[in-house]
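Analysis of the macromolecular model
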Amino acid sequence: MSYEDHWELLVQLDEELLKGGVILSEWCRFIVREADTAYCAGAHLASILISVSGIETYLRSEYSRTGNERLVELIHQAPIDNALKVDLHILRKYRNKWVHIDVPWDDEDLIQHPENTEQKLEEMAFFAARTLRRVIYENQWL
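The rules behind the values
Residues numbered from 1 in each chain as written. Predicted model: local features only at pLDDT ≥ 70, side-chain atom pairs only at ≥ 80, totals over all residues. Heavy atoms only, no water. Helix = DSSP H or I, 4+ residues; strand = E, 2+ residues; numbered from the N terminus. Rg over C-alpha atoms; globule rule 2.2 N^0.38 Å. Buried < 20%, exposed > 50% of the residue type's maximum accessible area, 1.4 Å probe, protein only. Contact = heavy atoms within 4.5 Å. Lys, Arg positive; Asp, Glu negative; His and termini not counted. Charge placed at Lys NZ, Arg CZ, Asp CG, Glu CD. Phe/Tyr/Trp six-rings, centres within 6.5 Å; stacked < 30°, edge-to-face > 60°. Core = buried A, V, L, I, M, F, W, Y, C linked by side-chain atoms within 4.5 Å. Axes fitted to C-alpha atoms, helices over the stretch in contact; angles between N-to-C directions. Parallel < 35°, antiparallel > 145°, perpendicular 65-115°, else oblique. Expected span 1.5 Å × (residues − 1).

What follows covers the overall build of the protein chain. Broken down by element type, the protein chain carries seven helices and zero strands. For the protein chain, whose C-alpha radius of gyration is 16 Å, the value lies close to the compact-globule estimate of 14 Å for 142 residues. If one aligns the C-alpha atoms of the protein chain with their principal axes, the spans along those axes are about 50 × 35 × 25 Å. Sorting the 142 residues of the protein chain into buried and exposed places 37% on the buried side. In the protein chain, 71% of the contacts between residues at least 6 apart in sequence involve partners at least 24 apart. Distance from the positive charge centre (15 side chains) to the negative charge centre (25 side chains) of the protein chain: 9 Å.

Written out as structure tokens, the structure is:
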């Protein structure tokens, strides 16, 4: 897919999910833009990592009690839909597999079949873009 095709998918997500307006911190807005840019450029792993950062930033800005909660705690304490919480945990766990690689030399499948990893990353990058939007658009005003 081209850069423009990726942007079109993001525009479609915004049209589908954004029905009113939202207020975001400048940090959150900046991170969302970076996640979108990475996704459109085909930097799928980067877009996943940055999307999770945007999600954490939003949850922290809206629902943090101490400012020191981990992402898993922010998800649990946020008053958001349970289906969204399930998706957030899926995304968080997928991100953790990349951030905390347990066996770095167990890379034979990546070497022999990089297309499998790349395809999964692209799928998860779109899932991350959608989930990020579901989070930042969860408290819209009309």
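There is more to say, and it comes next.
Okay, the packing of aromatic side chains next. A full pass over the atoms with the stated rule returns two aromatic pairs. Relative to Trp 7, the ring of Tyr 3 lies with its centre 6.2 Å away and its plane at 70°, an arrangement referred to as edge-to-face. You can see Tyr 3 and its partner Trp 7 sitting in helix α1 (residues 3–17), four residues apart, about one turn around the helix. Judged by relative accessible area, which is 36%, Tyr 3 ranks as partly exposed. When its relative accessible area of 30% is taken as the criterion, Trp 7 is described as partly exposed. Seen from their ring centres, Tyr 39 and Phe 126 are 6.4 Å apart, and the 45° between their planes marks the pair as tilted. Of this pair, Tyr 39 sits in helix α2 (residues 26–40) while Phe 126 sits in helix α7 (residues 114–136), and the two are 87 residues apart along the sequence.

The biggest cluster of nonpolar side chains holds 32 residues, and the ones touching the most others in it are Ile 48, Leu 59 and Leu 88. Sorting the residues of this core by element identifies α1, α2, α3 (44–63), α4 (71–77), α5 (82–99) and α7 as the ones contributing at least two each. Broken down by element, this core gets its largest block of residues, eight residues, from α7.

Right, let's get into the packing of α1 against α2. Taken N-terminus to C-terminus, the directions of α1 and α2 make an angle of 135°; their axes are 8 Å apart at the nearest point. Relative to α2, the element α1 is oriented oblique. Counted together, Tyr 3, His 6, Trp 7, Leu 9 and Leu 10 of α1 and Asp 36, Thr 37, Tyr 39 and Cys 40 of α2 form the full contact between these two elements.

Okay, α7 next. The terminal C-alpha atoms of α7 lie 32 Å apart, and with 23 residues this matches the ideal 33 Å at 1.5 Å per residue to within 8%. Among the residues of α7, Thr 117, Leu 121, Met 124, Ala 125, Ala 128, Ala 129, Thr 131, Leu 132, Arg 133, Val 135 and Ile 136 are the ones counted as buried. Where α7 is buried, its residues meet α1, α2, α3, α5 and α6 (108–112).

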